[in-house]
Amino acid sequence: MNTAIRRIIGCACLLFAILLLPHAFARASNTTAPASAPAAQGTVKPCAAPLHVSGKEEAIAQAVFEAINQSRKENSVAVLQWCNALANSARQHDQAMQKVNVLAHQLPGEPDLGVRENQQGITWSEAAENIGYVGEMNAQGALLLHQLMMAEKPPDDGHRQNILDANLTIVGVDILLDNTHGLLWLTEDFARE
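Sequence order sets the numbering: in each chain, residues are counted from 1 along the sequence as written. Only residues with pLDDT of at least 70 get local features here, since the model is predicted, and only at 80 or more are side-chain atom pairs given and counted; chain-wide, interface and lining totals rely on the full set of residues. Hydrogen atoms and water are omitted, and side-chain values are computed over all heavy atoms in the structure.

Trainee: Just to check I follow, could you spell out unusual backbone geometry for this structure?
Mentor: Excluding glycine, residues mostly carry a negative phi; peptide bonds, for their part, are mostly trans. Omega for the bond connecting Pro154 with Pro155 falls within 30 degrees of zero, at 5°, which places this linkage in the cis form. Relative to the assigned elements, Pro155 resides in the loop between helix H5 (139–150) and helix H6 (158–164). Phi is positive for Ser76, close to 55°, though the residue is something other than glycine. On the basis of relative accessibility, which here comes to 72%, the residue Ser76 falls in the exposed class. With phi around 55°, Asn101 is a residue other than glycine that occupies positive phi space. Strands are runs of DSSP state E lasting at least two residues, helices are runs of H or I lasting at least four, and both sets are numbered from the N terminus onward. Residue position: Asn101 is located in the loop between helix H3 (84–100) and helix H4 (113–119). Since its relative accessible area comes to 36%, Asn101 is described here as partly exposed. Partly exposed describes any residue whose relative accessible area lies between the buried limit of under 20% and the exposed limit of over 50%, with all areas from a 1.4 Å probe on protein chains only and scaled to the type maximum.

Below is the structure:
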């Protein structure tokens, strides 16, 4: 591949990286019970009822969840268990970002990730979040975001690190199809209880 093409690809990846922001928290666990082993892919953690989302949004979120676990398997990392409470946290954050049309881990007046997860009943010892948006409002657009996250290279690979973090055991993925702005919003909230 010649140098000019590499530069173009590098610039495109940098542009996409600006639109994708990873975020991670860690703190000492405030519970004495050990974290349980991750369940098989597709198992639903009965930690909350899901928020109302469209069937299309739910199908896209499940496709991203499956892609996350496929990437973990390919890297010899245990699969994550789905958690409705984390999907609720992610949904509320997508709605907040869509309302002001701003991609950020914490918007003015909004609690930070750890507090948002606590509000959904998650007592976490580690928490992380990936967010992004794309103009392609379908599964291909959401999976493109996942592919871009997995293609990140150190030291700018925070999304990839969150996806492959072996300490994280549960995840909730939300997709919000925003017809007002013509965007697909993606939030992935991860935790270890």
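Trainee: Would you take a moment to explain the confidence of the model for the protein chain for this structure?
Mentor: Close inspection of predicted coordinates is inappropriate in any region flagged by low pLDDT. Per-residue confidence from the predictor is given as pLDDT, running between 0 and 100. Averaged over every residue, the pLDDT of the protein chain is 81; residues scoring 70 or more account for 74%. The criterion used for residue contact is that any of the two residues' heavy atoms lie within 4.5 Å. Of the regions scoring below 50 in pLDDT, residues 25–46 engages in 41 contacts with residues more than four places distant in sequence or in other chains.

Trainee: What is the right way to read the packing of helix H2 (residues 55–74) against H5 from this model?
Mentor: Two elements in contact, H2 and H5, have axes whose closest approach is 9 Å; the angle formed by their N-to-C orientations is 25°. Classified by the angle between their axes, H2 and H5 sit roughly parallel to one another. Considering how the two elements wind past one another, H2 and H5 form a crossing that is right-handed. Where H2 abuts H5, its residues Ile60, Ala63, Val64, Ala67, Ile68 and Ser71 lie against Ala139, Ala142, Leu143, His146 and Met150. Working convention: axes come from line fits to C-alpha atoms, limited for helices to the stretch in contact. Angles between N-to-C directions cover 0 to 180 degrees. Working rule for angles: under 35 degrees goes down as roughly parallel, over 145 as roughly antiparallel, 65 to 115 as roughly perpendicular, anything else as oblique. For any pair of crossing helices, the crossing counts as left-handed if the nearer helix is rotated counterclockwise from the farther one by less than a right angle, and right-handed if it is rotated clockwise.

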